[in-house]
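Notes for the structure review
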Amino acid sequence: MEKKIQAIRGMNDILPEQTPVWQKLESLLRQVVSSYGYSEIRMPIVENTNLFKRSIGEVTDIVEKEMYTFADRNGDSLTLRPEGTASCVRAGNEHGLLYNQERRLWYTGPMFRHERPQKGRYRQFHQFGVETFGMASADIDAEVILLSARLWKTLGIEQHVELQLNSLGSNAARALYKEALVTFLSQHEDKLDEDSKRRMLTNPLRVLDSKNSDVQALLVDAPKLSEHLDAESVAHFEQLKKYLDAVGVKYVINERLVRGLDYYNRTVFEWVTTSLGSQGTICAGGRYDGLVEQLGGKPTPAVGFAMGLERIVLMLETLALNDDVKSDVDIYSVLVGEGTDTAGFKIAELIRTELPALKMMHHCGGGNFKKQMKRADKYGARIALIIGESELAENTVTIKELHGNAPQQTVAMDELITKLARYF
Ligand code: ATP
Ligand code: MG
C-alpha cells in the first residue's frame, strides 16, 4: 500500500461532525455584525510580504518568526496572510473606500502563522474581524467593544470572558514612555532574560508582555505607561470608560496590555477566558489611527478587533454549548419494492421543491427495509418516509416518526406536503 499523505502539522481539517458548530458560530457572528450595520469585505489569502512588514512591524513575533513567506514563480516575495487588518487597509486604500468617509467592515477566513501547534494555537486558524474607519472619537471604540460583548452574549459565553482594557496613548507619548522604560530596563539588565534584552533594544514595550516571572516581578517598579499618556488620550480613554459604564459592559484595566502588533495607539483591548488554559485570549483589538497613512492612504482614524474562531469553538465544546446543534437530516426515504427507486427520487425532489427548508435525504445503495430504517436512524432523521410497492399502486406513502411512539400513518400523495409541513 502507498504511504498516506498527511495534512501539514497545525493545519486542521474541520470534519463533518464539527462543521455544524462552525456553521452555527459563523451564522450568529454574521447576524450580530449585520445588526450593527457592518458590511462584509473579502480579501485574498496571499499578499505582498512588504504589506505585513510595513504594517505589523519588523520587530514583532509575527514578522520575525511566524510568517509563511515564499517566492512566487516570478521571484516576488509573497506571504500567506497572518492576520486581516493589513489586507483590509490595503484593499480599502486600493479601492478608495477609506478616504473622507466612514466604513464599518467585517471579514472572516483562514490566517497562517508558523507557531508551535498546541491546543488553541494552530498554523492555519480562522479569524473573524471587524474594522472601522474614519471615526476618531471614543464612541466607535465603545461600539466595537459592545458588538464583541454582544457576540459572547449571543453565544452564551458571557459569564466566561473578561474584558481587559488599556490605552497606549499617542505615538509621541509612547515614544517618551519607551525612553523612560528603556532607561529603567537598562539599569536592571542583569535581571532580564535574553528575549527581554533583545526586545529592550528592538521593541521595548513588548518587554511588558514577557511571560517570565522574574521580569514581571521587576516590572512592578517600572515607569507606568498610564503616567506618560498625553492629555487627549487620557480624555479619550475616560470617555470610552464612561460609555462602557453607561451600557453596563464590565472591564478591568490591564496596564501591561500592549498587544504584539506595532500599529496600535490609544485603546487596546482583549477578551480573555480562563476556560482554555494558556491560550486564553479569544478576541483582541484596538485603535490604529496611523496605519492607513502608513500604507499609503490619507490619515484616517481606525479601530477594530479580530477573534480566533478555533478558540471560541473550543470554548463552546468545553462548556458543552454545542449539543443543541441540529442533525443533518429531517426526512429519510425508505424504498421497498419494484419501481420505488425511481418514484422515490421524484417524491424526494418534490419535497425539496415544496419544503426547501427541510433536509430531505434520499436512500441510495439498495438493501432491505431493516437496513434502510437503520440508516434513517443513524442520520438522526425525524421521519422515515416509507415508499412501498403496494403503497405506490394506491398513490400513497407512509410517514413514520422515528422519535416518540406515534403510530405511522399512510397518506395520499396529494396530501403529503401539507402533512409533512405540520411536523416541522
Ligand atoms: P497570542 O498572544 O495568543 O499569540 P496574538 O496577540 O498573536 O495572540 P492576534 O494577532 O491579536 O493574536 O490575533 C487575534 C486572535 O486570533 C487571538 O486573540 C486569538 O484568539 C487568535 N489567534 C492568534 N493566533 C492564533 C493561532 N496561532 N491559532 C489560533 N488562534 C490564534
Ligand atoms: Mg501570537
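Residues numbered from 1 in each chain as written. Chains lettered and ligands numbered in written order. Predicted model: local features only at pLDDT ≥ 70, side-chain atom pairs only at ≥ 80, totals over all residues. Heavy atoms only, no water.

**Remarks on the site of ligand 1**
- Around ligand 1, the structure places 16 residues, and the nearest of them are Arg 113, Glu 115, Arg 121, Arg 259 and Thr 281.
- Separating an oxygen atom of ligand 1 from a side-chain N or O atom of Arg 259 is a distance of 2.3 Å.
- In the environment of ligand 1, an oxygen atom lies 3.2 Å from a nitrogen or oxygen atom belonging to the side chain of Arg 311.
- Coverage of ligand 1 by the protein amounts to 86% of the 590 Å² it exposes when considered alone.
- For the shell around ligand 1, the elements supplying multiple residues, two or more each, are strand S6 (124-133), strand S10 (281-287) and strand S11 (302-308).
- Broken down by element, the residue count for the shell around ligand 1 peaks at four residues, all from S10. (Near = heavy atom within 4 Å. Polar contact = N/O pair within 3.5 Å; in protein donor to acceptor, adjacent residues only side chain to side chain. Areas by Shrake-Rupley, 256 points an atom, 1.4 Å probe, with all protein chains shown as cover. Helix = DSSP H or I, 4+ residues; strand = E, 2+ residues; numbered from the N terminus.)

**Things to note about the nonpolar core**
- Core analysis: the largest hydrophobic core is formed by 92 residues, its most contacted members being Ile 145, Trp 152, Trp 271, Ile 282 and Met 307.
- Looking at this core, the element that brings in the most residues is helix H5 (residues 138-155), giving 10 residues.
- When near neighbours in sequence (up to four residues on either side) are disregarded, Ile 282 contacts Trp 152, Ile 157, Val 161, Trp 271, Thr 273, Leu 276, Ala 306, Met 307, Gly 308, Arg 311, Ile 312 and Met 315. (Core = buried A, V, L, I, M, F, W, Y, C linked by side-chain atoms within 4.5 Å. Buried < 20%, exposed > 50% of the residue type's maximum accessible area, 1.4 Å probe, protein only. Contact = heavy atoms within 4.5 Å.)

**Some thoughts on the sheet that holds strand S2 (residues 46-48)**
- Read from one edge of the open sheet, three strands run S2-S4-S3, paired in antiparallel fashion. Each edge of the open sheet is held by one strand with a lone partner, namely S2 and strand S3 (68-71). When the angles between neighbouring strand axes are averaged without regard to direction, this sheet yields 35°.
- One ladder, built from three bridges, connects S2 with strand S4 (residues 77-80); its direction is antiparallel. Bridging from a neighbouring strand, Val 46 pairs with Leu 80 of S4.
- Packed onto the sheet, helix H2 (residues 49-56) meets S2, S3 and S4 and runs at close to 75° relative to S2. (Pairing = 2+ DSSP bridges. Axes fitted to C-alpha atoms, helices over the stretch in contact; angles between N-to-C directions.)

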